[in-house]
Amino acid sequence: MGKIRILIAKPGLDGHDRGAKVVARALRDAGFEVIYTGLRQTPEAIVNTAIQEDVDAIGISILSGAHNTVFPKIIQLLKEKGADDIIVFGGGVIPEDDIPFLLSKGVKRIFTPGTPTSEIINFIKETINPKDAA
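A few points on the structure. (Residues numbered from 1 in each chain as written. Predicted model: local features only at pLDDT ≥ 70, side-chain atom pairs only at ≥ 80, totals over all residues. Heavy atoms only, no water.)

## Describing the sheet that holds strand 3 (residues 57–62)
- With parallel pairing, five strands are arranged side by side in an open sheet as 2-1-3-4-5. The open sheet has two edge strands, strand 2 (33–36) and strand 5 (109–111), and neither has a second partner. Averaged over all pairs of adjacent strands, the angle between strand axes in this sheet comes to 20°, irrespective of strand direction.
- As defined by bridge partners, strand 3 adjoins strand 4 (residues 87–92) across six bridges and the pair is classed as parallel. If you follow I60 over to strand 4, its bridge partner there is G90. (Pairing = 2+ DSSP bridges. Helix = DSSP H or I, 4+ residues; strand = E, 2+ residues; numbered from the N terminus. Axes fitted to C-alpha atoms, helices over the stretch in contact; angles between N-to-C directions.)

## Observations regarding the pattern of salt bridges
- Inspection of the entire model under this criterion finds four salt bridges.
- Across the pair K21 and D17 runs a salt bridge whose closest N-O atoms are separated by 3.5 Å.
- For K21, a relative accessible area of 46% translates into the label partly exposed.
- Via salt bridges that share partners, R5, E33 and E53 belong to a single interconnected network. (Salt bridge = Lys/Arg side-chain N within 4 Å of Asp/Glu carboxyl O. Buried < 20%, exposed > 50% of the residue type's maximum accessible area, 1.4 Å probe, protein only.)

## Remarks on the nonpolar core
- Within the largest apolar cluster, 24 residues are counted, with the highest numbers of intra-cluster contacts made by I58, I60, F71, I74 and L78.
- Going through the elements one at a time, strand 1 (5–9), helix 2 (43–52), strand 3, helix 3 (67–80) and helix 4 (99–104) are the ones with two or more residues in this core.
- If you tally residues by element for this core, the top one is helix 3, at six residues.
- With residues near it in sequence (within four places) discarded, F71 still touches I60, I62, V88, F89, G90, I94, L102, V107 and I110.
- Counting residues in hydrophobic clusters, the runner-up holds 18 residues, among them I6, A20, F89 and I128. (Core = buried A, V, L, I, M, F, W, Y, C linked by side-chain atoms within 4.5 Å. Contact = heavy atoms within 4.5 Å.)

## Here we look at the packing of helix 1 (residues 18–29) against helix 5 (residues 117–127)
- Direction vectors running N to C along helix 1 and helix 5 enclose 55°, while the axes themselves pass 10 Å from each other. Relative to helix 5, helix 1 is oriented oblique. In terms of crossing hand, the pair formed by helix 1 and helix 5 is right-handed. Between helix 1, through V22, V23, A26 and L27, and helix 5, the contact on the second element is made entirely by T117, I120, I121 and I124.
- Tallied by class, the residues present in the contact of helix 1 with helix 5 amount to seven nonpolar, one polar and no charged. (Parallel < 35°, antiparallel > 145°, perpendicular 65-115°, else oblique. Left-handed = near helix turned anticlockwise from the far one by under 90°. Nonpolar A, V, L, I, M, F, W, Y, C, P; charged D, E, K, R; others polar.)

Have a look at this one:
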């Protein structure tokens, strides 16, 4: 069975990536293959990279307040490209009141600041099967 492949992405103009790097390292340490996009990615670039890298999931880190636009756009692009089997989850500064909307748009899970990385790891283990699993 193959490893779960995860793309960690930082969309938009948000220049803070410490949390994304912490999550990426924790996921890598837990045995997942992790690709980190770096800062200031567009939804189109995130989706294209996810497809090129054949990932099982995309983790979005967003602090800019644009989550209600960015997450639905990424999910829409995945659907348009026939890649809606890629699971999208995310975290960052996202108000609790916005989480139901994001979940209704297809985001599988939102992790708010202070979430232990073990909770994210467990979510991935319980939710995602690698694409190349036999």
